[in-house]
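Architecture at a glance
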Amino acid sequence: MVGLEDDIYVGNALVDMYMKCSYTTTAGVKAFRGIASPNVISWTSLIAGFAEHSLEEESFQLFVEMQAAGVNPNSFTISTTLGACSKMKSLTQTMKLHGHIIKTKADADIAVGNALVDAYAGGGMADEAWSVIGMMNHRDLITYTSLAARLNQRGDHEMALKVITHMCNDEVKMDEFSLASFLSAAAGLGTMETGKQLHCCSVKSGFKRCNSVSNSLVHLYSKCGSMHDAHRAFKDINEPDSVSWNGLISGLASNGHISDALSAFDDMRISRS
């Protein structure tokens, strides 16, 4: 690095490289400290690096230090820090960041809005997540998919299914990931009718061959006690993965088809030999 310490572009590239390629943050921090006047990219690379190393609290503290140094964060900095808050489920930090976002009008950026929705929903504050969505100028697939996934994780399957209505109102089309989340919600509630409707949607949309959707269908029908439909959904999978096999085997076992479950287990072992 001799002669390059004052080159901000090289310094930023080194911080980014060390943070992504090293097992620790030591080299990245050393490269950062070697930059005479770190800019927003320098700080953001450092913050993102700490977050990627699962050092979320330190990541948030660096965000605070960045502001104290007089460097204004950009939308990526804020989104990254919100992601760290979401991982450590710190609602206090999330609300502090939300205050900063409102003050600086950073919520005009959809990436920031989506990160805020995810942080609130992941922390169990669904009302706040919906409030943020209502204030956003524009919502996209990420907005609704992340919300549905978070609601499912917290067992609020009924609310997760209500996301579909809001997506339709915003004319946001489902992809295989959002569809899988809604199928998971239907399975959690054991609602066969909703599941059948979503199954039809998957066929019409061309997602029938996506493993994430097919695996969710197997899980749904198993939860609803319809192993005939579960087995048919499994047969539609071109290359069953471990999730596919586990879904079928556990579904058969939980519905009392022990012999068939053992047979399916043997089939799985043969398919992998």
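Residues numbered from 1 in each chain as written. Predicted model: local features only at pLDDT ≥ 70, side-chain atom pairs only at ≥ 80, totals over all residues. Heavy atoms only, no water.

Regarding its fold elements, the protein presents 16 helices and zero strands. Across its three principal axes, the protein shows a C-alpha extent of roughly 70 × 45 × 30 Å. Considering only contacts in the protein between residues 6 or more positions apart, those separated by 24 or more positions represent 57%. Here the protein has roughly 14200 Å² of accessible surface; of this, 54% comes from carbon and sulfur atoms. Measuring between centres, the 22 positive side-chain charges of the protein sit 4 Å from its 29 negative side-chain charges. (Helix = DSSP H or I, 4+ residues; strand = E, 2+ residues; numbered from the N terminus. Contact = heavy atoms within 4.5 Å. Areas by Shrake-Rupley, 256 points an atom, 1.4 Å probe, with all protein chains shown as cover. Lys, Arg positive; Asp, Glu negative; His and termini not counted. Charge placed at Lys NZ, Arg CZ, Asp CG, Glu CD.)

Attention now moves to the pattern of salt bridges. The full count for this structure, using the stated rule, is six salt bridges. For Asp-16, the salt bridge identified is with Lys-20, shortest N-O distance 3.4 Å. With Asp-16 and Lys-20 both in helix α1 (residues 8-21), this residue pair falls four residues apart, about one helical turn. Asp-229 is the partner of Arg-232 in a salt bridge, and the nearest nitrogen-oxygen pair spans 2.9 Å. Remark: Asp-229 and Arg-232 occur in helix α14 (residues 227-235); sequence separation between them is three residues, near one turn of the helix. Residue classification places Asp-229 among the buried residues on the basis of a relative accessible area of 10%. Here the salt bridges do not stand alone but share partners, grouping Lys-196, Asp-229 and Arg-232 into one network. (Salt bridge = Lys/Arg side-chain N within 4 Å of Asp/Glu carboxyl O. Buried < 20%, exposed > 50% of the residue type's maximum accessible area, 1.4 Å probe, protein only.)

In this model, helix α3 (residues 40-52) (13 residues) spans 18 Å end to end at C-alpha, consistent with the 18 Å of a helix rising 1.5 Å per residue. Considered for burial, the residues of α3 that qualify are Ser-42, Trp-43, Thr-44, Ser-45, Leu-46, Ile-47, Ala-48, Gly-49, Phe-50 and Ala-51. Residues of α3 that are buried make contact with α1, α2 (26-33), α4 (56-68) and α5 (75-87). Positive phi appears at Ser-54, one or two residues downstream of α3, with a value of about 60°. (Expected span 1.5 Å × (residues − 1).)

Attention now moves to the packing of helix α13 (residues 211-223) against helix α15 (residues 242-254). For the pair α13 and α15, the least separation of the axes is 9 Å and the interaxial angle reads 5°. What the angle tells us is that α13 and α15 run roughly parallel. Touching Asn-211, Asn-215, Val-218 and Ser-222 of α13 are Val-243, Ser-244, Gly-247, Leu-248 and Gly-251, all from α15. By residue class, the composition of the contact of α13 with α15 is three nonpolar, six polar and no charged. (Axes fitted to C-alpha atoms, helices over the stretch in contact; angles between N-to-C directions. Parallel < 35°, antiparallel > 145°, perpendicular 65-115°, else oblique. Nonpolar A, V, L, I, M, F, W, Y, C, P; charged D, E, K, R; others polar.)

Take the side chain of Ser-178 next. Along the polypeptide, Ser-178 turns up in helix α11 (residues 176-189). A relative accessible area of 1% means that Ser-178 is categorised as buried. Each residue touching Ser-178, except ones within four places of it in the same chain, is listed here: Leu-141, Thr-145 and Met-167.

Turning our eyes to something else, we now look at the packing of aromatic side chains. Applying the stated criterion across every chain, the model contains three aromatic pairs. Where Phe-32 meets Trp-43, the ring centres are 4.8 Å apart and the plane angle is 70°; that geometry is what we call edge-to-face. Here the residue Phe-32 occupies a position in helix α2, and Trp-43 occupies one in helix α3, the gap between them amounting to eleven residues. Like Trp-43, Phe-32 is buried. Ring geometry for Phe-234 and Trp-245: centres 4.8 Å apart, planes at 65°, overall edge-to-face. Of this pair, Phe-234 sits in helix α14 while Trp-245 is found in helix α15, placing the two residues eleven residues apart along the sequence. Side by side, Phe-234 and Trp-245 carry an identical accessibility label, which is buried. (Phe/Tyr/Trp six-rings, centres within 6.5 Å; stacked < 30°, edge-to-face > 60°.)

Residues of helix α10 (residues 157-169) that are buried include every one of His-157, Ala-160, Leu-161, Val-163, Ile-164 and Met-167, and no others. Axial view of α10: buried residues confined to an arc of 130°, hence all on one face. Opposite its buried face, α10 presents the exposed residues Glu-158 and Asn-169, each directed more than 90 degrees away. At its buried positions, α10 is contacted by α8 (126-135), α9 (141-153), α11 and α12 (192-205). (Arc of directions from axis to C-beta.)

Attention now goes to the environment of Val-132. Looking at the element boundaries, Val-132 is found in helix α8. Spatially, the C-alpha atoms of Val-132 and Cys-210 are 31 Å apart, while their sequence positions differ by 78 residues. Once residues lying within four places of it in the same chain are set aside, the contact partners of Val-132 are His-98, Gly-113, Leu-116, Val-117 and Tyr-120.

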